[in-house]
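Next come the chains, spelled out residue by residue.
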Amino acid sequence: MEKHSQTLVNYIITAAFLLHCLFSCRARTVLPRSAGRKGTWKLLLNNTGVVGVHMVLTQWNTVILFDRRGSGPSGYQLRHRFNGTRCKGTRDDLSDSTCYAHSVEYSISNNSVRHLNLMSDTFSSSGSILSDGRIVQSGGFGDASRRIHYFRPCKSGDKCDWSVDKKHLSENRWYASSQILPADDRIIVVGGQGSFTYEFVPKMSTNEKAFHLSFLQQTNEGNEGGNNLYPIVHLSSDGNLFIFANRDSILFNYKQNKVVKKFPRIPGLGSRSYPSTGSSVILPLHHKDGFHKVEVMICGGATTGANAAARQGNFLTGLSSCGRMVISGNKNQWKMENMPGPRLMHDMVLLPTGHVLIINGAERGCAGWNNAASPAVEPYLYNPKKTLGKRFTVLKSTKIARMYHSSAILVPDGSVLVAGSNPNNQYIYKNVSHPTELRLQAFIPDYMGREYSHQRPHNVSIDTNGKEGVAYGNEFLVRFLLGSNPSKYLAFSAFAPPFTTHSLSMNQRLLRLRCKMILSDAKGWWNATVEAPPSANVAPTGFYLLSVVNDGIPSISDWVKFIQAS
């Protein structure tokens, strides 16, 4: 009888515990303790050798940085040219750009770089990451304007390198944007200087050319450098594309070459597109509404006439405003708010918490060679769930100006790598307002502090049941170690790493996945059953960083691949 009673008690305790665990899967995207959080900065390398104009994170936890061959000698001198001939250190060799690297691979674990062979002048180009992790880089300047480069990542220390596709783009693509599409491992490349068109890589048919998009012509300001270059492109969860240029935007069906919807013009004067250069994100997509609600946020940019004024040495104050608009459904209106200060040429990075980090850039002027002043050294943290007027927090400032040609990307430990800045036409280190910057930093959000170690999930691993990845809509197991019971605010974030350049994080997106069950294992180990996104429209096929966020404190991320069912 006594044994039977004890068994019943154990059963009740276990049942109550399981109910608690199931409740723990209810996610909340806000970070409860944001007041007073400032973050820290860490210098990683004094010299990456190459300005980080473009940056991409790979699934091997390496970061590809590249600039352009046309910038002359970089900060990374080579012993041999890529054709095998020796660089002897003569006066001619010291001025020969082929004796210098223009792309490097940075190893996060080793905190070191190795040079890569970049065959063309990929300056101001675009790119995406394919489902197998390959980087596809499109366009650039001069000899690269119609070229396509590929980079297949490999384990740090292996000899992977850039290659050139035998097929070319149909039109010149300088300052164009790229977006991975839901089907067939295909990307769309939109716009570029003098190109009011879009095209696909690879082509859908043998004789396919570029397709005209009148929206790009309508938004062009010829006397202001275009103000519609590097158009903002986001994939909506209905499979259509949100395209924003200058101050206007459309929802575009690329399969039918048809504008589905014209959105209202974003309020206020000035422009948000290059060279005025604001930045944008899709706010986190959430399983609670079936990933149907899609909301875009665009911040900063340059005031009217900034480009012409900058050429005369007059740097006009940039825009402080941000606009948010739900692009799904029928009620599409911009809701405006102000950042703590003016900003342009900045980066907007989605954090695992669902917050947005606004970092880098300047307060006055516009993009272009020496066209800006007053570095924006204080990052902003934006909490989209707070009430209007309380969403921004000013974070700890950096001592390094990150002006034109700087970039920032999220890495697996939850920090943000910050590189680049070169407002000069060549690599110039002194006697200029803002020298060429080769130092690599990490901005470390406060959630990484040791004081939160007991709340932080550790040793995250993903079980795909021996398969290459997780098919859409299927369940997978996430295992992690936690020193205490999970909070009721437990979330599972999947982050698509972007191709970042010129304030655009192409293809960046964050999803809150459904946790269906979580059970305690032993000695602090937990097993969570998580559901993959429902379709490639929501999450294009490929590698994602999966983070477990416990009460606003994210784990180190592990990689998961979402795939089509076989």
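The shown structure was predicted, so the numbers you read here are calculated from the model rather than taken from an experiment. (Residues numbered from 1 in each chain as written. Predicted model: local features only at pLDDT ≥ 70, side-chain atom pairs only at ≥ 80, totals over all residues. Heavy atoms only, no water.)

S.K.: Please give an account of the overall build of the chain that cites residues and values.
M.R.: Counting secondary structure elements, the chain contains four helices and 43 strands. The globule rule puts the C-alpha radius of gyration for 566 residues at 24 Å, and the 24 Å found for the chain is close to it. On the principal axes, the C-alpha backbone points of the chain span a range of 95 × 55 × 55 Å. Among the 566 residues that make up the chain, the fraction classed as buried is 59%. (Helix = DSSP H or I, 4+ residues; strand = E, 2+ residues; numbered from the N terminus. Rg over C-alpha atoms; globule rule 2.2 N^0.38 Å. Buried < 20%, exposed > 50% of the residue type's maximum accessible area, 1.4 Å probe, protein only.)

S.K.: Lay out the side chain of serine 107 with the relevant residues and their values.
M.R.: Summarising the element assignment, serine 107 is placed in strand β4 (residues 103–107). Residue classification places serine 107 among the buried positions, given a relative accessible area of 3%. Here serine 109 takes part through its side chain, which lies 3.3 Å from a polar atom of the side chain of serine 107. (Polar contact = N/O pair within 3.5 Å; in protein donor to acceptor, adjacent residues only side chain to side chain.)

S.K.: Tell me about the sheet that holds strand β18 (residues 279–282), residues and numbers included.
M.R.: Sheet strands pair by backbone hydrogen bonding; their relative direction is either parallel or antiparallel. Strand order across the open sheet formed by four strands is β18-β20-β21-β22, with antiparallel pairing between neighbours. Each end of this open sheet is capped by a strand with a single partner; those strands are β18 and β22 (335–338). Within the sheet, the average angular offset between the axes of one strand and its neighbour, ignoring direction, is 20 degrees. (Pairing = 2+ DSSP bridges. Axes fitted to C-alpha atoms, helices over the stretch in contact; angles between N-to-C directions.)

S.K.: Can you lay out the confidence of the model for the chain for me, pointing to particular residues and giving the numbers?
M.R.: On average, residues of the chain carry a pLDDT of 92, and 93% of them reach 70 or more. Throughout residues 1–24 the model reports pLDDT below 50, and contacts reaching past four residues in sequence, or to other chains, amount to 17 contacts. When the criterion is pLDDT under 50, residues 26–35 qualifies, and its contacts beyond four places in sequence or with other chains add up to 32 contacts. (pLDDT = per-residue confidence, 0-100. Contact = heavy atoms within 4.5 Å.)

S.K.: Which residues make up the nonpolar core, and what values do they have?
M.R.: Core analysis: the biggest nonpolar cluster contains 70 residues, and Phe476, Val478, Phe480, Phe492 and Phe562 have the highest contact counts within it. In contact with valine 478, other than residues within four places in its own chain, are Val460, Ser461, Phe492, Trp526, Asn527, Ala528, Val530, Leu546 and Val548. Listed in part, the 53 residues of the second largest apolar core include Val53, Leu57, Val281 and Tyr452. (Core = buried A, V, L, I, M, F, W, Y, C linked by side-chain atoms within 4.5 Å.)

S.K.: Please give an account of the pairing of strand β35 (residues 490–496) that cites residues and values.
M.R.: Across the seven residues that make up β35, a large majority, seven, are buried. Where burial is concerned, the two faces of β35 agree: the one with Leu490, Phe492, Ala494 and Ala496 and the one with Ala491, Ser493 and Phe495 are both buried. Bridge analysis of β35 against strand β41 (residues 542–550) gives six bridges, and the strand direction is antiparallel. Within β41, the position partnered with leucine 490 by the bridge is asparagine 550. Taken together, the four bridges between β35 and strand β38 (residues 509–512) define a ladder with antiparallel strand orientation.

S.K.: Outline the state of the cysteines, listing residues and values.
M.R.: Throughout the structure, instances matching the rule amount to three disulfides. For cysteine 87, the disulfide goes to cysteine 99, at an S-S distance of 2.1 Å. Negative torsions about the S-S bond denote left-handed disulfides, and the value of about -100 degrees found for cysteine 87 with cysteine 99 makes this one left-handed. In this pair, cysteine 87 sits in the loop between β3 (62–66) and α2 (91–94) while cysteine 99 sits in the loop between α2 and β4, placing the two residues twelve residues apart along the sequence. Like cysteine 87, the residue cysteine 99 is buried in the burial classification. Disulfide pairing places cysteine 154 opposite cysteine 160 at an S-S distance of 2.1 Å. Handedness here is read from the sign of the S-S torsion; for cysteine 154 and cysteine 160, about -80 degrees, the answer is left-handed. (Disulfide = S-S within 2.5 Å.)

S.K.: Kindly report on unusual backbone geometry, identifying the contributing residues and their values.
M.R.: Looking along the chain, the bond that leaves valine 201 and enters proline 202 is cis, with omega of -10 degrees. The topology assignment puts proline 202 in the loop between β12 (197–201) and β13 (211–212). A cis amide bond, omega 5 degrees, links tyrosine 274 with the succeeding residue proline 275. Its place among the elements puts proline 275 in the loop between β17 (258–262) and β18. If you check the backbone angles, aspartate 184 has positive phi at about 65 degrees while not being a glycine. Within the secondary structure, aspartate 184 is located in the loop between β10 (177–180) and β11 (187–190).

S.K.: How would you explain the packing of aromatic side chains if you had to name every residue and give the values?
M.R.: Taken as a whole and assessed by the stated rule, the structure comprises 24 aromatic pairs. Considering the side-chain rings of phenylalanine 141 and tryptophan 174, the 4.7 Å spacing of their centres and the 50 degrees angle between planes classify their relative orientation as tilted. Placement of phenylalanine 141 in the loop between β7 (135–138) and β8 (148–151) and of tryptophan 174 in the loop between β9 (162–164) and β10 is noted, with a sequence separation of 33 residues between them. Between tryptophan 174 and tyrosine 175, the aromatic rings sit 4.7 Å apart at their centres with planes inclined by 35 degrees, giving tilted as the arrangement. Tyrosine 175 gets classed as buried once you look at its relative accessible area, which sits at 5%. Through a chain of ring-to-ring contacts, three or more aromatic side chains come together here, namely Phe123, Phe141, Trp174, Tyr175, Tyr230, Tyr274, Trp369 and Tyr404. Lying over the aromatic face of phenylalanine 123, arginine 68 brings its terminal NZ or CZ to 4.5 Å of the ring centre. The ring of tyrosine 380 has arginine 343 sitting right over it, with the charged end atom 4.6 Å from the ring centre. (Phe/Tyr/Trp six-rings, centres within 6.5 Å; stacked < 30°, edge-to-face > 60°. Lys NZ or Arg CZ within 6 Å of the ring centre and 35° of its normal.)

S.K.: Can you lay out the sheet that holds strand β31 (residues 440–444) for me, pointing to particular residues and giving the numbers?
M.R.: Reading across from one edge, β1-β31-β30-β29 is the order of the four strands in this open sheet, with antiparallel pairing throughout. Edge positions in the open sheet fall to β1 (40–45) and β29 (406–410), since each of these has one partner strand only. For this sheet, the mean angle separating the axes of adjacent strands, direction not counted, is 25 degrees. Two strands pair when backbone bridges link them, and β29 and strand β30 (residues 416–420) are joined in this way by five bridges, in the antiparallel orientation. Bridge pairing in β30 places serine 407 opposite alanine 419.

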